[in-house]
Structure formats: structure tokens, C-alpha cells
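Descriptive analysis of the structure
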Amino acid sequence: MFRPVPPRASVIACNTCRLSAERREDDDGVRGGALLAGALRRLAAEEDRYGDIGVEEMPCLFACTAFCTVYLRAPGKVGYVLGKFGADDAAAEAILEFTRLYAESAHGQVPYKQWPEGVKGHFLVRVPPEGQVVA
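Structure report, in brief. Just so you know, these numbers come straight off a predicted model, no measurement behind them. Think of each chain on its own: its residues are numbered from 1, step by step along the sequence as written. Totals for whole chains, interfaces and linings use all residues, but because this is a predicted model, local features are given only for residues with pLDDT of at least 70 and pairs of side-chain atoms are given and counted only at 80 or more. Based on all heavy atoms of the structure, the side-chain values leave hydrogens and waters out of the count.

What about the environment of Leu72?
Working definition: helices are DSSP H or I runs of at least four residues, strands are E runs of at least two. Numbering for both runs from the N terminus. Looking at where Leu72 falls in the secondary structure, it is placed in strand β3 (residues 70-73). Considering only alpha carbons, one finds Leu72 and Gly108, 36 residues apart in sequence, at a separation of 9.4 Å. Once you skip the residues sitting within four places of it in the chain, Leu72 turns out to touch Ser10, Val11, Gly79, Tyr80, Leu82, Ile95, Phe98, Thr99 and Tyr102. Residues count as neighbours in contact if any of their non-hydrogen atoms are within 4.5 Å of one another.

Description of the environment of Phe98
Among the secondary structure elements, Phe98 is positioned in helix α2 (residues 89-104). It is 9.6 Å that separates the C-alpha atoms of Phe98 and Glu117, two residues lying 19 residues apart in sequence.

Describing the packing of aromatic side chains
Stacked, edge-to-face and tilted labels apply to pairs of Phe, Tyr and Trp rings (six-membered ring for Trp) whose centres lie within 6.5 Å, assigned for plane angles under 30 degrees, over 60, and everything in between, in that order. Going through the model one piece at a time under the given rule, you end up with 7 aromatic pairs. When the ring of Phe98 is compared with that of Trp115, the centres are 5.8 Å apart and the planes differ by 90°; the resulting orientation is edge-to-face. You can see Phe98 sitting in helix α2 and its partner Trp115 sitting in the loop between α2 and β5 (123-127), a full 17 residues away along the chain. Accessibility assignment for this pair places Phe98 and Trp115 in one class, buried. Aromatic pair Phe98 and Phe123: ring centres 5.3 Å apart, planes at 75°, arrangement edge-to-face. Of this pair, Phe98 sits in helix α2 while Phe123 sits in strand β5, and the two are 25 residues apart along the sequence. Only protein chains enter the area calculation, which uses a 1.4 Å probe; residues under 20% of their type maximum are buried, those over 50% are exposed, and those in between are partly exposed. We classify Phe98 as buried; its relative accessible area is 1%. Assessed through its relative accessible area of 23%, Phe123 is described here as partly exposed. In textbook terms, an aromatic cluster arises when at least three aromatic residues are bridged by ring pairs, as seen for Tyr80, Phe98, Tyr102, Tyr112, Trp115 and Phe123. We count a charge as sitting over a ring when the NZ of a lysine or the CZ of an arginine lies within 6 Å of the ring centre and within 35 degrees of the ring normal. Over the ring of Tyr102 we find Lys77, and its NZ or CZ is 5.8 Å from the ring centre.

Remarks on the pairing of β3
Of the two faces of β3, only one is covered, namely that formed by Val70 and Leu72; the face formed by Tyr71 and Arg73 stays uncovered. A strand pair is defined by DSSP finding two or more bridges across the two strands. Examined bridge by bridge, strand β1 (residues 10-14) and β3 share 4 bridges and lie antiparallel to one another. Each bridged residue has a counterpart across the sheet, and for Ile12 the counterpart in β3 is Tyr71. With 3 bridges joining them, β3 and strand β4 (residues 79-82) adopt antiparallel strand pairing. In the sheet register, Val70 faces β4, and the bridge partner there is Leu82. Between β3 and β4, which pair antiparallel in sequence order, lie 5 residues; one of them, Gly76, sits at a positive phi of approximately 75°.

See the structure below:
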């Protein structure tokens, strides 16, 4: 049921998410989440500044009304679920840039003034690290 991945800052994309509220997939039959996962992987591979960020994917993050959903996590840090993204390079770049700032932060909290414009308004859930709650 589970596949091990290295313990590091990661963005996990739901690869079964809808393309949008109106469409499940593109004209080639590819779901929106799979398109976003591909854009995240491609950009992470092309840009050295994202080299330490894991890009993973899995089926269904159970946020179906928030199509193109991702989960950001890192050991000992607050995690975040974000959604309602386009399945494109602009969304992938905003997600990876926030994830880079997130990875560099002490506890996973990035000051709002540093957030890329493309992630503002996309946060759905904040998840405390195992065994802790945010004070």
C-alpha cells in the first residue's frame, strides 16, 4: 500500500485530480493532477534551485472539490494542503518556489510577504508534524 520515499521537503501531487471544476481530463484523456505532477517534475528537473525538493505523486488526496491538489511536507515541519490550481507550468513554478522557501524555513512557516503570488488563496489545510501542535 505504501512506497517509501526519502525524508525531505516534498510536494506530493494528487495524480487523479480533475483538470477543473468542469473537466476531468484534457483532450488527450490525461487527468489534471497527472498534468500538474508532470509539470512539477519537469520544472524541478530543469531548475537547480529545486534540486533538493522531492516531487512525488499518489492517487487521491481526498480533496476532490479542490482539483489539482498538492500536499507539502518535511520532517518536523508543519505541512500544507493546497488546491484549485491550474494544471500548468505557472502553477508548478509557484508551488515549487513556495516549497523551496518552506524547505529553507525553520518550522515550515513562510512569512506571507515571501509567498509567490501563485499560491495565495490556494491553502486548504495546515497539518502539524507528528507528535506536535502549533503553539
